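Each chain, written out:
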Amino acid sequence: MAREPDLRRVLTNTIQHACRALGADNGRIGIVAEDESAIHIEAVYRPTLSDQQREWCPGEGLPGLVLRSKQPLVVNRGADRHANQCLDAHENSALGVPIVFQGTFLGYFGLGSYGSARFSQSHVEQLGQFADLAAIAIQNARLTAESRKSLAQASALLETTEKIGNAMSVPDVILAYLEQVAHNGRYTCTVVLYEFDKQGNKIGNTVMGRWAPGSQVELMEYRVPTKRDFLDPILAAGKSVRIANALTEPGVPRSLRDEQRRDNRPAVALVPLMADRQRIGLVILSDPTPHEWTDEELVPFQATAAQLASMLASRRDHDAMIESSQQLAVLEERRKIARDLHDSVTQILFSLNLMSQSLDSDTPVPAETVSKLQSLSRRGLQEMRSLLEELRPVSLDTKPMSLGQKIASYAADVVGLPAFTLDDQSYEAQDVSVENQFLGIAQEALNNVAKHSSASHVSLVLLTGPTECRLKIEDDGDGFSDTSCKSGHGLNTMRERAGEIQAKLEIQSELGKGTVIQLVRARGQNGNSNRNRRRP
């Protein structure tokens, strides 16, 4: 028994040994159905005519009598009027005993004899010992089957968990779940997610995916009306709802009954998706054949539904976080644009407005004033073009400009800028977020030179050393004192830009001795590039 894994072969060998020991001619062992509605003959030794009938109901034949009474029975021909119902044509006697393991009725062990010998109480006791061996074999087979099934379920759950865990979005999570259902399931499976308002109230249902036997997994996204019924409190408590036949059972919500009738799937089970004690959706199982749902059927779905709910909640939180980050990035971009507009275009427009107010319509406009108005207008147009250029997506067909090229291009259009030289031969390209801030500081500094310095020359140096990147802008203009210009000329803007990339901004200036602006940033630092990620 220990070496033989096949239950039927073990039971057949047991019958053979019992027949030899008790002098019987034939034998059979039957196993009881789970609801004890019948005895099913599992193994036979030297079959008789009655063995062609593989299933016996309570009270039917000797197996059915033992099933009903749960007691040993001895039948000898002519002993009573029921004897012929229990014996084959040539049998003179038969013996049947229950197979019991630890008080649980497992089946029936029966022997028959064609000879004149009759079975006695001693035969009952001997066959009872063989029945005990059969009980051990049956119980071992059941435990082995349950262990294998549990192992298969655990393996399937692990595989489902792994696939769901690797999914990157809500549709991917549902697809992974339904594909696993399709691999192991037999019931039509539909996944429904709930929609909630800002107060957490359920406002809608969305069917996200479905799989049916014989078809492919289908992802979808369509809303269906939400109606509250008596099933909601049950599902909200995390309990599954089982309906053997939605078309005939009383009390089934009308909407559910109509849906199952339309799909011709009367058997339905509802498994709630629970995350953080909140019901976020539903797994709906259905079948075209009405039947009672057992724990054995639903446990695998309930276990995987718990994994599904956890992953769905995680992915939704992740998506919400990304959306929030994107919104913050948009707000930061708007703040930057507002800052740039204020520091450049707004100042130019303000100057134009002041100059226009000083003009007298009855007095000819001096040529110098006209020149200044034209210069300011060109500068404002250039500033707007620079901002628009920064906002415009980079063309994939055009080779991107280096930082030095961008600075040189900008300097060429700055009105009033003195002689300009650029040295970027020792510069190595940095992260785009860093270079954007370098460019912004260079533009602000060149604008200041053109507007305020009265310089005859300005030089700009870009270099990359072993430990740092440096931007140096130097002019020979009027300069300024620390007290006379502490925060003007866009210096606050430059300091903000430097701070965003963890760089150090140094400004040295004296009246009549020009100005030197240096931006120094250690190599290998991570810049704040959130607002630039939207552009490749």
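This text follows the structure it describes.
Given the structure is predicted, the values throughout are model-derived calculations rather than measurements.

(A) Examining the overall build of the protein chain more closely. When helices and strands are counted, the protein chain shows 12 helices and 17 strands. Looking at the 536 residues of the protein chain, the share that counts as buried comes to 43%. The long-range share in the protein chain, meaning contacts at least 24 apart out of those at least 6 apart in sequence, stands at 60%. Here the protein chain has roughly 29500 Å² of accessible surface; of this, 51% comes from carbon and sulfur atoms.

(B) Representation of the pairing of strand S7 (residues 188-196). Judged by how many residues are buried, S7 sits mostly within the fold: 7 of 9 residues are covered. Where S7 and strand S12 (residues 278-287) come together, 6 bridges link them in antiparallel fashion. Residue pairing across strands places Thr 190 opposite Ile 284, the latter belonging to S12. Where S7 lies against strand S8 (residues 202-211), 8 bridges are found, and the strand directions are antiparallel. Within S8, the position partnered with Phe 196 by the bridge is Lys 202. Counting the residues that bridge the hairpin from S7 to S8 gives 5 residues, and of these Gly 200 lies at a positive phi of roughly 85°.

(C) Summary view of helix H11 (residues 432-453). Over its 22 residues, H11 extends 30 Å from the first C-alpha to the last, a length consistent with the 32 Å expected when each residue adds 1.5 Å. Burial analysis of H11 places 19 of its 22 residues in the buried class, which makes it a mostly covered element. Looking one or two places after H11, you find Ser 454, whose phi comes out positive at around 55°.

(D) Layout of the packing of aromatic side chains. A full pass over the atoms with the stated rule returns 1 aromatic pair. Note that Lys 70 overlies the ring of Phe 105, its terminal NZ or CZ placed 5.0 Å from the centroid.

(E) Layout of the sheet that holds strand S14 (residues 457-464). With mixed pairing, 5 strands are arranged side by side in an open sheet as S13-S14-S15-S17-S16. Two strands lie at the open edges of the sheet, namely strand S13 (419-426) and strand S16 (504-509), each paired on one side alone. When the angles between neighbouring strand axes are averaged without regard to direction, this sheet yields 10°. Two elements, S13 and S14, share 6 bridges in a ladder whose sense is parallel.

(F) Representation of the sheet that holds S7 in the model. Here we have 6 strands laid out as an open sheet, ordered S9-S8-S7-S12-S11-S10, and antiparallel in their pairing. Bordering the open sheet on either side are strand S9 (218-224) and strand S10 (241-243), each of which pairs with just one other strand. Direction aside, neighbouring strands of the sheet carry axes that sit 20° apart on average. Of the strand pairs in this sheet, S8 and S9 are connected by 5 bridges, and their pairing is antiparallel. Bridge pairing links Val 207 to Tyr 222 in S9.

(G) Representation of the side chain of Arg 28. Its location among the elements puts Arg 28 in strand S1 (residues 26-32). On the accessibility criterion, Arg 28 (7% relative accessible area) is buried. Within the structure, the side chain of Arg 28 is placed 2.8 Å from the side chain of Asn 26, a separation counted as a polar contact. When sequence neighbours within four positions are dropped, the list of residues in contact with Arg 28 reads Ile 15, Ile 41, Ala 43, Val 44, Thr 48, Asp 51, Glu 91, Tyr 108, Phe 109, Gly 110 and Leu 111.

Analysis parameters
- Residues numbered from 1 in each chain as written.
- Predicted model: local features only at pLDDT ≥ 70, side-chain atom pairs only at ≥ 80, totals over all residues.
- Heavy atoms only, no water.
- Helix = DSSP H or I, 4+ residues; strand = E, 2+ residues; numbered from the N terminus.
- Buried < 20%, exposed > 50% of the residue type's maximum accessible area, 1.4 Å probe, protein only.
- Contact = heavy atoms within 4.5 Å.
- Areas by Shrake-Rupley, 256 points an atom, 1.4 Å probe, with all protein chains shown as cover.
- Pairing = 2+ DSSP bridges.
- Expected span 1.5 Å × (residues − 1).
- Phe/Tyr/Trp six-rings, centres within 6.5 Å; stacked < 30°, edge-to-face > 60°.
- Lys NZ or Arg CZ within 6 Å of the ring centre and 35° of its normal.
- Axes fitted to C-alpha atoms, helices over the stretch in contact; angles between N-to-C directions.
- Polar contact = N/O pair within 3.5 Å; in protein donor to acceptor, adjacent residues only side chain to side chain.

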